[in-house]
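Below, each chain spelled out in residue letters.
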Amino acid sequence: MSERLRRLPYEHLSTTEGSSPMGGVFFDTPRFANSVPFFRFQRFGKHSHAAVAAGAAAGHGEVRTDSDHKLVVVMVGLPARGKSYIVKKLKRYLSWLGFQTKIFNVGDRRRLAGSADEYETAAEARGRLQRRVRADDGREAPCSGCSSPGGSGDNDAAAQCAQCDTRHSSAFFDPDNKKAKQIREQVALEVFEDLLRWLQAGGQIAIHDATNSTIERRQALISRLKSETDVNLMFVESICNDRDIINRNIKLKTHSPDYVGIDPDAAEADFRARLRNYERAYRTIGAAEERLDVQYCKIIDVGKKVIAYNIQGFLESQVVFYLMNMNLEPRVIYITRHGESEDNAAGRIGGDASLSAGGEQYARALARFIDRRRLDFAVEVEEYNRQVAQSLCSTASSTPGTCSEAESAGAHSTAADALRLEQSLLSRRVQPGFEVWTSMLKRTMETAEYFDPHIYRVKNIKSLNEIYAGKCEGMTYQEIARDFPEEFEARQLDKFYYRYPGIGGESYADVVLRLQQVIVELERIRHSVLLVTHRAMARTLLAYFMDIPTTHMPDMELPLGYVYACEPRPFGNHLRVWRYVPHLDDFEEIDAAAALRIRYPQTLPSSTSAPPLPSPAETAYSARN
């Protein structure tokens, strides 16, 4: 191994201080690990090591930045208000930026706490069991966990069944149920202790995913955190007054682990009763928290209104900025590489070459394909909206006649909501705006030339330019291995943090920072967009949308001729993949899981062996594509 590489801390992955590939100093940044934000690279230059030594001698230890502080994000809000949706998106974004982030869900722990007879009467437990789905012959379908029939009246087996025990009916959430309330508070604090232990072990951002809907609960969390140093607290409250969104969220809640094997109508009725119990005790964040000088952010109606109070830290500002740009409009983010360029055909990286003849053919086919997909997606959205509206109307009309007067009033309200939702959804269409984003390089702009400008708005964005290879621009991998053997070896060891030599040379870490604003804009826009970009850019974008660790990002196999479609959905992004077939001059859909392959790096070759070269799929269309 070269003398330069010996100075890098590759052999000491636990080292918290060392030399970067560009001669600077980084802190808490283990190689080959996505555990810290890479923008904490500090103090590049010949005096950096002396500065660190002087700081240590002065008793300051390592050089610290604002981002060295850890953050606890505590969610607040009623059920069915989109907290879990916000939490998953926020975790994905922060992880993509390089922060070690983890979600601690109180509901998952709560389902393992206590048993049914600790907080329900026998009659309540029997009624809960009788709501199971009935088999075709009219008998109760047995629980998949204990095989006990719900209608037998014998609950001994169910009492020992973990699956039955984890089903908490609405009675468990009654604020007057002191035993259940004690269990809920205990579970929330236990999860908070787990969260703090994880932060102490090296985590950076922990998210406490729970309702935390009472002042007493929030004050208990604040008091517990006072003894922790360098840990900031931030509340994020999700408030939703849109009945359409709430009713759709309630429908989704009937598929939660609390209602496995339960009749959907009974599950929805129970969840609505649970929601009423929460509403009785719910107190929004306000003066009580402000007196304690707590940081908080309120997200109202999925970002239509945002209230931020006392936001001071760097991490907190990143959270608020991201949450301000959310929306729920149906749309698809299409990602594809440009058509084959002349440099692709020659196996050269970088450069600004024009399309080859095969690339021109791909560009024309891509425009036709997106035209079809744009119209097909509009039909899919309309059909989905119709099904949701019909489902809500069906739920409202099937209210049992034995319900109480209050429940009847609620049913009429639900029916009115459903009718209003049906009118609003059916009148909504996918917005006509459809944008095509390209880089500023010729091969992407030429790929977008065949889109009708009356339908598509084409934007050329410099942030989408390919990763800049510095001195290696326009070279083949064989030439790099021959002329820059040390650089070739360094890149094989760590593709994510490796920065190409020369003025302007970039790493994948640099690319993530460059694309941060692009990601926020993609979250903000309310219509579909096609990104025609390059391999490194496509890898980075898909790593964000599909929550792929950044350590795997540089090894994703994304050949030319593929279109990746990411559709935002309540529980994450749904991916579909199409492959261009040259002899058909058209696209065929393929299995998305198989298409997102990660080619893990091989063992570093010896200096006498031939360097590994990219596969043909990386530079041109091949027969197997």
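Above this text sits the structure in question.
Residues numbered from 1 in each chain as written. Predicted model: local features only at pLDDT ≥ 70, side-chain atom pairs only at ≥ 80, totals over all residues. Heavy atoms only, no water.

(A) Just helix α10 (residues 215–225), in detail. Listed in full, the buried residues belonging to α10 are R217, R218, L221, I222 and L225. Down the axis of α10, the buried side of the element spans an arc of 135 degrees, and every buried residue falls inside it. On its buried face, α10 is in contact with β3 (70–76), α9 (178–200), β5 (205–209), β6 (231–239) and α13 (287–291). (Buried < 20%, exposed > 50% of the residue type's maximum accessible area, 1.4 Å probe, protein only. Helix = DSSP H or I, 4+ residues; strand = E, 2+ residues; numbered from the N terminus. Arc of directions from axis to C-beta. Contact = heavy atoms within 4.5 Å.)

(B) Seen up close, the side chain of T438. With respect to the helices and strands, the residue T438 is situated in strand β10 (residues 434–438). The class of T438 is buried, set by a relative accessible area of 0%. Within the structure, T438 has its side chain in polar contact with the side chain of N460 (distance 2.7 Å). Contacts of T438, omitting those with residues within four sequence positions, involve T444, M445, A448, V458, K459, N460, I461, L464 and V532. (Polar contact = N/O pair within 3.5 Å; in protein donor to acceptor, adjacent residues only side chain to side chain.)

(C) Local environment of the sheet that holds β3. On the basis of which strands lie adjacent, the open sheet formed by six strands has the order β4-β5-β3-β6-β7-β8 and mixed pairing. Across the chains shown, the open sheet's two edge strands, defined by having one partner strand only, are β4 (101–105) and β8 (305–309). Shown here is a sheet whose adjacent strand axes are inclined to one another by a mean of 15 degrees, direction ignored. One ladder, built from seven bridges, connects β3 with β6; its direction is parallel. Looking at β6, one finds that V76 is bridged to E237. Packed on one face of the sheet, helix α3 (residues 83–97) meets β3, β4, β5 and β6 and runs near 170 degrees to β5. (Pairing = 2+ DSSP bridges. Axes fitted to C-alpha atoms, helices over the stretch in contact; angles between N-to-C directions.)

(D) Representation of the pattern of salt bridges. Applying the stated criterion to the full structure yields 35 salt bridges. The partner of R217 in a salt bridge is E185, and the shortest N-O contact between them spans 2.9 Å. One end of the pair, R217, is in helix α10; the other, E185, is in helix α9, and 32 residues separate them in sequence. Its relative accessible area of 8% is what places R217 among the buried residues. According to the relative accessible area criterion, E185 is partly exposed, its value standing at 23%. In this structure, D555 engages K495 in a salt bridge whose closest nitrogen and oxygen atoms are separated by 3.7 Å. (Salt bridge = Lys/Arg side-chain N within 4 Å of Asp/Glu carboxyl O.)

(E) Molecular detail of the pairing of β5. β5 sits mainly inside the fold: five of its five residues count as buried. Along β5, one buried face is formed by I205, I207 and D209 and the opposite face, lined by A206 and H208, is buried too. As judged from the four bridges shared by β3 and β5, these two strands associate in the parallel manner. Each bridged residue has a counterpart across the sheet, and for L71 the counterpart in β5 is I205.

(F) Here's a closer look at the sheet that holds strand β11 (residues 456–460). Read from one edge to the other, the open sheet built from seven strands follows the order β11-β10-β12-β9-β14-β15-β16, with strand pairing classed as mixed. Each of the sheet's edge strands pairs with one partner strand only, and the pair in question is β11 and β16 (586–590). The average angle at which neighbouring strand axes cross in this sheet is 25 degrees, direction not considered. Two strands pair when backbone bridges link them, and strand β14 (residues 562–569) and strand β15 (residues 572–581) are joined in this way by eight bridges, in the antiparallel orientation. What sits directly across from E567, in β15, is H574. This element, helix α22 (residues 535–545), spans β9 (333–337), β12 (529–533), β14 and β15 of the sheet and lies at about 150 degrees to β9.

(G) Expanded view of unusual backbone geometry. Even without a glycine there, the phi angle at N212 is positive, about 40 degrees. Look at N212 and you get buried, because its relative accessible area is 0%. In the Ramachandran plot, D293 falls in the positive-phi region, its phi being about 60 degrees despite a non-glycine side chain.

(H) Quick peek at the nonpolar core. One finds W96, L522, L531 and L542 to be the most contacted residues of the largest nonpolar core, which totals 64 residues. Among the elements that make up this core, the one with the highest residue count is helix α21 (residues 508–524) (nine residues). If we skip the residues at most four places from it in the chain, L522 touches R331, I333, W437, V529, L531, L541 and F545. I222, I246, Y259 and A266 belong to the second largest nonpolar core, which has 45 residues in total. (Core = buried A, V, L, I, M, F, W, Y, C linked by side-chain atoms within 4.5 Å.)

(I) Up close: the packing of aromatic side chains. The final tally for this structure, using the stated rule, is 19 aromatic pairs. Centroid distance F434 to Y456: 5.2 Å. Interplanar angle 80 degrees. Geometry classified as edge-to-face. Residue F434 is found in strand β10, and its partner Y456 is found in strand β11; the two are separated by 22 residues along the sequence. By relative accessible area, which is 2% here, Y456 ends up buried. In this structure an aromatic cluster arises from ring pairing among Y93, W96, Y322, Y544 and F545. The residue whose ring lies beneath R92 is Y544, and the NZ or CZ to ring-centre distance is 4.6 Å. (Phe/Tyr/Trp six-rings, centres within 6.5 Å; stacked < 30°, edge-to-face > 60°. Lys NZ or Arg CZ within 6 Å of the ring centre and 35° of its normal.)

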